[in-house]
Amino acid sequence: MKRVLITGAAGFLGSHLADRFIAEGFHVIGMDNLLTGNLKNIEHLFSLARFEFYHHDVSKFVHVPGQLHYILHFASPASPIDYLKMPIQTLKVGALGTHNLLGLAKAKNARILVASTSEVYGDPQVHPQTEDYWGNVNPVGPRGVYDEAKRFLEAITMAYHNYHKLETRIVRIFNTYGPRMRVDDGRALPAFFSQALRGEGLTVFGDGSQTRSFCYVDDLVEGIFRLLMSDYHLPVNLGNPDEITIKEFAEEVIRLVGNPKAHIVYKPLPIDDPKVRQPDISRAREILGWEPQVPRSEGLKCTLAYFKEEVLGLGSQKN
Ligand code: UDP
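Rules used throughout
- Residues numbered from 1 in each chain as written.
- Predicted model: local features only at pLDDT ≥ 70, side-chain atom pairs only at ≥ 80, totals over all residues.
- Heavy atoms only, no water.
- Buried < 20%, exposed > 50% of the residue type's maximum accessible area, 1.4 Å probe, protein only.
- Helix = DSSP H or I, 4+ residues; strand = E, 2+ residues; numbered from the N terminus.
- Pairing = 2+ DSSP bridges.
- Right-handed = clockwise from strand over helix to strand, strands pointing away.
- Axes fitted to C-alpha atoms, helices over the stretch in contact; angles between N-to-C directions.
- Parallel < 35°, antiparallel > 145°, perpendicular 65-115°, else oblique.
- Left-handed = near helix turned anticlockwise from the far one by under 90°.
- Contact = heavy atoms within 4.5 Å.
- Near = heavy atom within 4 Å.
- Polar contact = N/O pair within 3.5 Å; in protein donor to acceptor, adjacent residues only side chain to side chain.
- Areas by Shrake-Rupley, 256 points an atom, 1.4 Å probe, with all protein chains shown as cover.

A. Summary view of the pairing of strand S5 (residues 111-117). Burial analysis of S5 places seven of its seven residues in the buried class, the great majority of the element. The alternating pattern of S5 places Arg111, Leu113, Ala115 and Thr117 on one face and Ile112, Val114 and Ser116 on the opposite face, and all of these are buried. Judged from the four bridges that link them, strand S4 (residues 70-73) and S5 form a sheet pairing that is parallel. Looking across to S5, one finds that histidine 73 is bridged to valine 114. As paired elements, S5 and strand S6 (residues 168-173) share six bridges and run parallel to each other. Counted as the bridge partner of isoleucine 112 is threonine 168 from S6. The handedness of the S5 to S6 crossover, carried by helix H4 (residues 144-164), is right-handed.

The following block contains the structure:
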């Protein structure tokens, strides 16, 4: 049986990946320091003999007994609010944590996939963003702690690939959403859903003309699985190219939630907030035969059921 280590396994993406690898018949070892992760996301896996969990901070030496075939490094605070609150931990998990896991991959002769981000493109001057674009990042701005940690993650991963001939994969993840996002993680989608459900103002930052492109989590997990199993070691963008302004997105959430009290309120735009973001997924299409399947209308409905339960404590009302 193939054994996979998933770091950040109690987080949003990590827990969905754990589910996928369990469904594919793997033995899954989840690791998380629970800084932003929540055991609730993986408690359904604890009864399985094919699942183990280590409460551990990967910025410290990582020990896993026995064989490992694959490592997926998904541990990191990932929302702007989280990494502003935890700048040092964010830098450490991207830098020291990645170094530890590359060392573990080398010791175990395992293939490693590391989670990078569209943030490596910063406030982009090329649109949509192709993998060949080097980005426009402010290293000393508030987002620098995340952006530069992830840029270092890519650089050290390439160094292990080139110098130690390690099998490495790098995914650049664009905005992704779905069940198990933390309600209070400060990102646009959880904020808008919880505000709309409570009948409060949806806090649109700036004039809301900045754009993002939202990918449903199941599509992303499929792309990550295909990338891990591919033989391609250069970075690959994964995301949904369907781009929308944040103001239009807030309006879409208000319509979907249908609470007449919900309305938009404008707040100042955070420093260095990227003005546009849309993945060019030509590389993923060509190399992985992948593209998103779930339209936003459908993905948002599934996500609404989750937020209803989290925010209002109501059971999911599937029809
Ligand atoms: N945003 C917003 N209201 C919020 C949270 C976020 O208008 O309550 C905006 C934010 O300024 C950014 C976009 O929505 O332009 C997406 O922000 P998010 O924090 O979700 O992730 P990012 O893509 O910036 O990493």
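B. Fine view of the packing of helix H3 (residues 87-108) against H4. One can describe the packing of H3 onto H4 by two numbers: an axis separation of 8 Å at closest approach and a directional angle of 15°. Of the possible angle classes, the one that applies to H3 and H4 is roughly parallel. As H3 runs across H4, the sense of the crossing is right-handed. In this structure, H3 contributes Pro87, Thr90, Leu91, Gly94, Ala95, Thr98, His99, Leu102, Gly103 and Lys106 to the contact, and H4 contributes Val145, Tyr146, Ala149, Phe152, Leu153, Ile156, Thr157, Tyr160 and His164.

C. Spotlight on the site of the ligand. Looking at the ligand, there are 18 residues lining it, with Thr203, Phe205, Arg212, Asp273 and Arg277 nearest. Here a nitrogen atom of the ligand sits 2.5 Å away from a polar atom, N or O, in the main chain of threonine 203. At 2.7 Å from an oxygen atom of the ligand is found a side-chain nitrogen or oxygen belonging to arginine 277. For the ligand, the accessible surface in isolation is 510 Å², of which the surrounding protein chains cover 95%. Where the shell around the ligand is concerned, the elements lending two or more residues are helix H5 (188-198) and strand S8 (201-205).

D. Unusual backbone geometry, seen in detail. The step from histidine 127 to proline 128 runs through a cis peptide bond, and the omega angle for that step is -10°. Mapped onto the elements, proline 128 comes out in the loop between S5 and H4. Residue asparagine 109 is not a glycine yet carries a positive backbone phi of 55°. Mapped onto the elements, asparagine 109 comes out in the loop between H3 and S5. Residue class for asparagine 109 comes out exposed when judged on its relative accessible area of 70%. Here the phi dihedral of lysine 165 falls at roughly 60°; this positive angle occurs in a residue that is not glycine. Turning to its location among the elements, lysine 165 is positioned in the loop between H4 and S6.

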